[in-house]
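# An overview of the molecular structure
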Amino acid sequence: MPLDEGFIGREYPPSSPYEVAREKIREFADAVKDDSPLYRDAESAKSAGYPDVIAPPTFAMRLAMTAQDVVVGDEQLGLDYSRVVHGHQAFRHHRPIHAGDVLVTVVHVDDIKARAGNDFLTVRAEIGTVEGEPVCTATSTLVARGTAEEGEQA
């Protein structure tokens, strides 16, 4: 069943606040095998002009993926997640994420297209502080394989 294009432009409510902890940053840096002292040592980060350790750029994916679950789980959209592959990911950082940040994410459905029998869902996650300061924009394209109606083209 094809995705409902009426979802284009839909905005979901903000996520619950997420407090960024030094330990979570270190764990993520370990997982991506980046040993930068900016991700591990508060004094190194402060010497570089940051208020605390900063997160690797792709750390924003933790917040974006969690927030996207609301779109993926929206039964009215009609997304069969068992057919989904991740097609594309991009980040636009307004400033680094750092330990002590309390962040919320607002998810938007930017586009839905059908190509070659597949549905392409583009979702944008606006990550910011609870005070409203923009931190990162994460854009993802999910591809639902074999779900578009025959003959559809974007």
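Structural data are supplied above this passage.
Residues numbered from 1 in each chain as written. Predicted model: local features only at pLDDT ≥ 70, side-chain atom pairs only at ≥ 80, totals over all residues. Heavy atoms only, no water.

Time to look at the nonpolar core. By size, the foremost hydrophobic cluster in this structure holds 19 residues, and its most contacted members are Val 71, Leu 77, Leu 79, Val 109, Ile 112 and Leu 121. For this core, the secondary-structure elements that each account for two or more residues are helix H3 (60–72), strand S3 (102–115), strand S4 (118–129) and strand S5 (134–144). Counting residues per element, this core draws most heavily on H3, which supplies four residues. One finds Tyr 39, Val 53, Ala 99 and Leu 103 within the second-largest nonpolar core, a separate group that totals 18 residues. (Core = buried A, V, L, I, M, F, W, Y, C linked by side-chain atoms within 4.5 Å. Buried < 20%, exposed > 50% of the residue type's maximum accessible area, 1.4 Å probe, protein only. Helix = DSSP H or I, 4+ residues; strand = E, 2+ residues; numbered from the N terminus.)

Attention shifts here to the pairing of S3. In the sheet, strand S1 (residues 18–19) pairs with S3 via two bridges, with the strands oriented antiparallel. Pairing of Tyr 18 across the sheet is with Leu 103, part of S3. Two elements, S3 and S4, share 12 bridges in a ladder whose sense is antiparallel. Residue pairing across strands places Ala 114 opposite Asp 119, the latter belonging to S4. Here S3 folds back onto S4 in antiparallel fashion, the turn holding two residues, of which Ala 116 has a positive phi close to 50°. (Pairing = 2+ DSSP bridges.)

Our next topic: the sheet that holds strand S2 (residues 84–93). For sheets, the rule is that strands pair by backbone hydrogen bonds, running either parallel or antiparallel. Read from one edge to the other, the open sheet built from five strands follows the order S1-S3-S4-S5-S2, with strand pairing classed as antiparallel. Only two strands of the sheet have a single neighbouring strand rather than two, namely S1 and S2. Looking at chain direction, S4 and S5 are connected through 10 bridges and run antiparallel. Residue pairing for S5: Glu 126 is matched across the bridge by Thr 137.

Residue position: Pro 51 is located in the loop between helix H2 (42–47) and H3. Considered as a pair, Pro 51 and His 98 are 47 residues apart in the sequence and their alpha carbons are 7.4 Å apart. Beyond its immediate chain neighbours, meaning those up to four positions away, Pro 51 contacts Lys 46 and His 98. (Contact = heavy atoms within 4.5 Å.)

Where helix H1 (residues 22–31) is concerned, the buried positions are Ile 25, Phe 28 and Ala 29. Take H1 and look down its axis: the buried residues cluster within an arc of 100°, on one side only. Directly after H1, the chain includes Lys 33, whose backbone phi takes a positive value near 60°. (Arc of directions from axis to C-beta.)

This brings us to the pattern of salt bridges. This model, assessed by the stated rule, comprises 12 salt bridges. For the salt bridge of Asp 74 with Arg 10, the shortest nitrogen-to-oxygen distance reads 3.7 Å. In this pair, Asp 74 sits in the loop between H3 and S2 while Arg 10 sits in the segment before S1, placing the two residues 64 residues apart along the sequence. Across the pair Asp 52 and Arg 22 runs a salt bridge whose closest N-O atoms are separated by 2.9 Å. In this pair, Asp 52 is assigned in the loop between H2 and H3 and Arg 22 in helix H1, connecting sequence segments 30 residues apart. (Salt bridge = Lys/Arg side-chain N within 4 Å of Asp/Glu carboxyl O.)

Let's shift gears to the environment of Val 107. Here Val 107 is to be found in strand S3. A relative accessible area of 1% places Val 107 in the buried class. Spatially, the C-alpha atoms of Val 107 and Pro 134 are 13 Å apart, while their sequence positions differ by 27 residues. Sequence-distant contacts of Val 107, that is, excluding residues within four places in its chain, are made with Arg 10, Glu 11, Tyr 12, Ala 67, Gln 68, Val 71, Val 123, Arg 124 and Ala 125.

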